[in-house]
Number of protein chains: 2
Amino acid sequence: VARSDSVRQTNLRAILRQLHLHGPASRSELVLRTGLTRSSVAAIVGELARAGTVIEEPAISDGSPGRPSPVVRADAGRNVVLALEVAVDFIAGALVGLGGVTHAADRIDRRRDRFSVESTVADLADLAARLLDPPVDLAGIGVAVAGLVKRPDNVVALAPNLGWCDVPLGALLGDALGLGIPIQLANEGDLAAVAETLRGAANGVDDVLLLSGEVGVGGGVVSGGRSLIGSAGFAGEIGHVTVNPGGRRCRCGSTGCWETEVGEGSLLRRAKRRSDSGRRGIDGVLAAAADGESVALAALRDEAHWLAVGLGGMLNVLNPQLVVFGGFFGRIHPFVIDDLRRELPRWGLAATTAGVDIVPSALGLDGPLIGAAELAFEPLLGHPA
Amino acid sequence: VARSDSVRQTNLRAILRQLHLHGPASRSELVLRTGLTRSSVAAIVGELARAGTVIEEPAISDGSPGRPSPVVRADAGRNVVLALEVAVDFIAGALVGLGGVTHAADRIDRRRDRFSVESTVADLADLAARLLDPPVDLAGIGVAVAGLVKRPDNVVALAPNLGWCDVPLGALLGDALGLGIPIQLANEGDLAAVAETLRGAANGVDDVLLLSGEVGVGGGVVSGGRSLIGSAGFAGEIGHVTVNPGGRRCRCGSTGCWETEVGEGSLLRRAKRRSDSGRRGIDGVLAAAADGESVALAALRDEAHWLAVGLGGMLNVLNPQLVVFGGFFGRIHPFVIDDLRRELPRWGLAATTAGVDIVPSALGLDGPLIGAAELAFEPLLGHPA
């Protein structure tokens, strides 16, 4: 039930979100973008400026008649969040200012002997300390995790590729950082999907499926403009949909998960490369395919086949307008897209496969981190003054 | 962006929705249920009464001290919608008053020779004419369809079990009824899922998966309290997720859809009953199983196995809190639930399978029709005055 100041709050949010997502604008442009009156925009900009979330800069006349309108921008210097990422191959962090300005960022490859919870928390704290030198007042901390995150509790319920189960990462990280700033965890695929809709390949699209993966296969869903997270935050685990129940055992304990038939591991296996050769191995397969090597080409055709089997089902369940291929799938996109498009109608209904676009990610490896920053900005954007 | 009267509109909606979903209430109860002040409630109830959506009835004192508070109820007599359903085995219709009061209802079994679009539209118009005698002013018309409905266009894009493709059912029905009342179409599974969350087995639950089916296998998803419809309205086609790519050909043209391994047809096949014996055949299988017939028991075990394979994947994608078994699946629920629960962790992640409840539908066959009525009430509930 609405309170009496809800209109004002709604308008404050609308203007700040505009500036955050779509960049600086004059007051006149804000009138056009939001449909609010000139006097409302003036009042709201004034209130946001007093709250320290926006700044107005003197306008430079563009030569057109009339008094130039000052430019309003999100104050990226005073409103900063810390975004962190726990992937399998690396950890990463960034300081991001309101408006999406990256002040500093770092990414560190890591070895299997640093997978323990203790090592990971220590490495994240070191990374954060470097980013926060000199110190910055933080508005929030968002963390993307390569695993299932129980959202309300900030607990990593399961991260099969890290060997983690029920890890209270939010609390551990809070203690290690010692900053007293709210921390919010989420699955990396869910965050990457949101990031692509806000600032990437799915900009402005309301129904999007992101398929991503390096070692494992993950994903994220935006439906009707909202992140699909499910009852506890575990939705979007599309890598663990059974597509071949008579097939191979999956790391998760099940059999024939989509992850056993597509992704880095399956492509290396089919191309007869070393299973532990990782991204370099994949680059080798793609280079060989470009040179016409038949084993590599056959492996990519098989990859496209199993992409079609699983994706057809996901299109029938979710009916996205756009599918974004991130990570490993973004890199192989040009090699599989023709076969995939040809085979997709065999596995999905015409209604859900015909209209869908399948494009590579625009944000690439940065998607989860950008999504983590957006997650950390949510409280500020939700209550701007 | 909010307009200046948005608070008033929000409060009108909140009160009317309370009365519609949760039944008559005194003003004092409405204060408790909504958190609005007594004077706000009085003003809103007055405005709703003038608009003709609620009525206030003299209170009968319950013996407690103080002046008895009049009872406010949705005016089910003056606010009526027509709900229609196009299933495979039958068509159905109901006149439903605000508050969910069914004034009249009818359901007609139909034969395969009445599957043509022309016959179906004529039969629906006849059914509606009987329900609307004597005439009633309608607030809207909602139609549940056993097929993929392109929501914005009111077009049935595909109904494999009716043999329909790209049928502009909304327009055809509008012409046949000749009432000039807005018509809204949606998929029967999507509507049944919403109905179960509003008035059924999933009452008040925000993340729900409905699995339903008679001839085909359908479903509906409510996520975060909203119906998951996808970009065009085709989401929730869980019967056409590939679970056995080396398996049987599906009616939809694909191979190994979940619908080929679970549902009426597969159970009859495995229990060695006639494939066209329909609901009576299923009743026979269940009776035989209750008597300990080994073929029937084995068929139900196989059904539970394939339910687990497909459902495990859907739990990983959608992470519902509750799964509702409707139609055929509601009837077999007591016969398969133990095997299904035992096998589910083999196919779904522990995080998504452990906490989920799987219950039979409370609304049964009426779910889609109740959902269609709710769809027809949406404009009135969204703009009550």
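Placed above this text is the structure.
Residues numbered from 1 in each chain as written. Chains lettered and ligands numbered in written order. Predicted model: local features only at pLDDT ≥ 70, side-chain atom pairs only at ≥ 80, totals over all residues. Heavy atoms only, no water.

## A few points about the packing of aromatic side chains
Residues and elements named next belong to chain B.
Phase 1 of the analysis: The tally for this structure, following the rule as stated, stands at four aromatic pairs over all chains.
Phase 2 of the analysis: Each ring, one from Phe 325 and one from Phe 329, has its centre 6.0 Å from the other, and the planes form 65°; the classification is edge-to-face.
Phase 3 of the analysis: On the basis of relative accessibility, which here comes to 0%, the residue Phe 329 falls in the buried class.
Phase 4 of the analysis: Judged by centre distance (5.0 Å) and plane angle (80°), the rings of Phe 328 and Phe 329 are edge-to-face.
Phase 5 of the analysis: With relative accessibility at 0%, the residue Phe 328 sits in the buried group. (Phe/Tyr/Trp six-rings, centres within 6.5 Å; stacked < 30°, edge-to-face > 60°. Buried < 20%, exposed > 50% of the residue type's maximum accessible area, 1.4 Å probe, protein only.)

## Details of helix α9 (residues 278-290) of chain A
Residues and elements named next belong to chain A.
Phase 1 of the analysis: Here α9 is 13 residues long and its end C-alpha atoms lie 19 Å apart, about the 18 Å a rise of 1.5 Å per residue gives.
Phase 2 of the analysis: Where α9 is concerned, the buried positions are Gly 278, Gly 281, Ile 282, Val 285, Leu 286, Ala 288 and Ala 289. Along the axis of α9, the buried residues cluster in a sector spanning 160°; they form a single face. Of the exposed residues in α9, the ones pointing more than 90 degrees away from its buried face are Arg 280 and Ala 290.
Phase 3 of the analysis: Contacts made by the buried residues of α9 are with α8 (264-270), α10 (294-318) and α11 (328-347).
Phase 4 of the analysis: Trailing α9 by a residue or two, Gly 292 shows a phi angle of about 90°, which is positive. (Helix = DSSP H or I, 4+ residues; strand = E, 2+ residues; numbered from the N terminus. Expected span 1.5 Å × (residues − 1). Arc of directions from axis to C-beta. Contact = heavy atoms within 4.5 Å.)

## Quick word on the pattern of salt bridges
Residues and elements named next belong to chain A.
Phase 1 of the analysis: Tallying each qualifying case throughout the model produces 36 salt bridges over all chains.
Phase 2 of the analysis: Arg 342 is the partner of Asp 339 in a salt bridge, and the nearest nitrogen-oxygen pair spans 2.4 Å. One end of the pair is Asp 339 and the other is Arg 342, both in helix α11 and three residues apart, which spans about a single turn.
Phase 3 of the analysis: Overall, the relative accessible area of 23% leaves Asp 339 in the partly exposed class.
Phase 4 of the analysis: The class of Arg 342 is exposed, set by a relative accessible area of 59%.
Phase 5 of the analysis: Residues joined by salt bridges that share partners form a network here, namely Glu 261, Arg 270, Asp 302 and Glu 303. (Salt bridge = Lys/Arg side-chain N within 4 Å of Asp/Glu carboxyl O.)

## Comments concerning the relation of the copies chain B and chain A
Phase 1 of the analysis: Rotating chain B by 180° and translating it 0.0 Å along the rotation axis places it on chain A, where the RMSD comes to 0.0 Å. Viewed as a symmetry operation, the transformation between the two copies matches a two-fold axis. Rotation axis and chain B: the residue whose C-alpha lies nearest the axis is Val243(B), separated from it by 2.6 Å.
Phase 2 of the analysis: Both copies share a contact surface, since 100% of the interface residues of chain B are interface residues in chain A too. (Least-squares fit on C-alpha atoms with pLDDT ≥ 70 in both.)

## Observations regarding the environment of Pro182(B)
Residues and elements named next belong to chain B.
Phase 1 of the analysis: Relative to the helices and strands, Pro 182 is located in the loop between α5 (169-177) and β11 (183-187).
Phase 2 of the analysis: Placed 44 residues apart in sequence, Pro 182 and Leu 138 show a C-alpha to C-alpha distance of 9.4 Å.
Phase 3 of the analysis: Not counting residues up to four positions away in its chain, the partners in contact with Pro 182 are Gly 140 and Ile 141.

## Here we look at the interface of chain B and chain A
Phase 1 of the analysis: Each partner contributes to the interface: chain B provides 53 residues, whereas chain A provides 53 residues.
Phase 2 of the analysis: Each partner contributes to the roughly 3900 Å² buried at the junction of chain B and chain A, and carbon and sulfur atoms together form 64% of this total.
Phase 3 of the analysis: In this structure, the connection of chain B to chain A is made through zero salt bridges.
Phase 4 of the analysis: For the side of chain B that touches chain A, the secondary-structure elements that each account for two or more residues are α1 (6-22), β9 (155-159), α10 (294-318), α11 (327-347) and α12 (350-353) of chain B.
Phase 5 of the analysis: Among the elements that line the side of chain B that touches chain A, the one with the most residues is α10(B), at seven residues. (Buried area = accessible area lost by both parts, 1.4 Å probe.)

## A few points about the sheet that holds strand β8 (residues 148-150) of chain B
Residue and element names in this part refer to chain B.
Phase 1 of the analysis: Pairing in this open sheet of three strands is antiparallel, and the strands run β8-β9-β10 from one edge to the other. Single-partner strands in this sheet number two, and they are β8 and β10 (164-167). The mean inter-strand angle of the sheet, taken between neighbouring strand axes irrespective of direction, is 20°.
Phase 2 of the analysis: Summarising the sheet, β9 and β10 pair through three bridges and their orientation is antiparallel. Bridge pairing in β10 places Val 156 opposite Val 167. (Pairing = 2+ DSSP bridges. Axes fitted to C-alpha atoms, helices over the stretch in contact; angles between N-to-C directions.)

## A closer look at the packing of helix α6 (residues 188-199) of chain A against helix α13 (residues 367-382) of chain A
Two numbers describe a pair of packed helices, the interaxial angle and the distance between the axes.
Residue and element names in this part refer to chain A.
Phase 1 of the analysis: Between α6 and α13, the least distance of the axes is 7 Å, while the angle of their chain directions is 85°. Of the possible angle classes, the one that applies to α6 and α13 is roughly perpendicular. On α13, the residues that touch Glu 188, Leu 191, Ala 192, Ala 195, Leu 198 and Arg 199 of α6 are Gly 367, Pro 368, Ile 370, Gly 371, Ala 372, Glu 374 and Leu 375.
Phase 2 of the analysis: By residue class, the composition of the contact of α6 with α13 is eight nonpolar, two polar and three charged. (Parallel < 35°, antiparallel > 145°, perpendicular 65-115°, else oblique. Nonpolar A, V, L, I, M, F, W, Y, C, P; charged D, E, K, R; others polar.)

## Remarks on the packing of helix α2 (residues 27-34) of chain B against helix α3 (residues 38-51) of chain B
Residues and elements named next belong to chain B.
Phase 1 of the analysis: For the pair α2 and α3, interaxial distance at closest approach is 9 Å and the crossing angle is 115°. It follows that α2 is roughly perpendicular to α3 by the angle criterion. At the point where α2 passes α3, the crossing takes the right-handed sense. Of α3, the residues touching α2 (which contributes Arg 27, Ser 28, Leu 30, Val 31 and Thr 34) are Arg 38, Val 41, Ala 42 and Val 45.
Phase 2 of the analysis: Broken down by class, the residue content of the contact of α2 with α3 amounts to five nonpolar, two polar and two charged. (Left-handed = near helix turned anticlockwise from the far one by under 90°.)

## Looking at the sheet that holds strand β9 (residues 155-159) of chain A
Residues and elements named next belong to chain A.
Phase 1 of the analysis: Taken together, the three strands give an open sheet; going across it, the order is β8-β9-β10, and neighbouring strands pair in antiparallel fashion. Only two strands of the sheet have a single neighbouring strand rather than two, namely β8 (148-150) and β10 (164-167). Pairwise comparison of adjacent strand axes, ignoring direction, gives a mean angle of 20° for this sheet.

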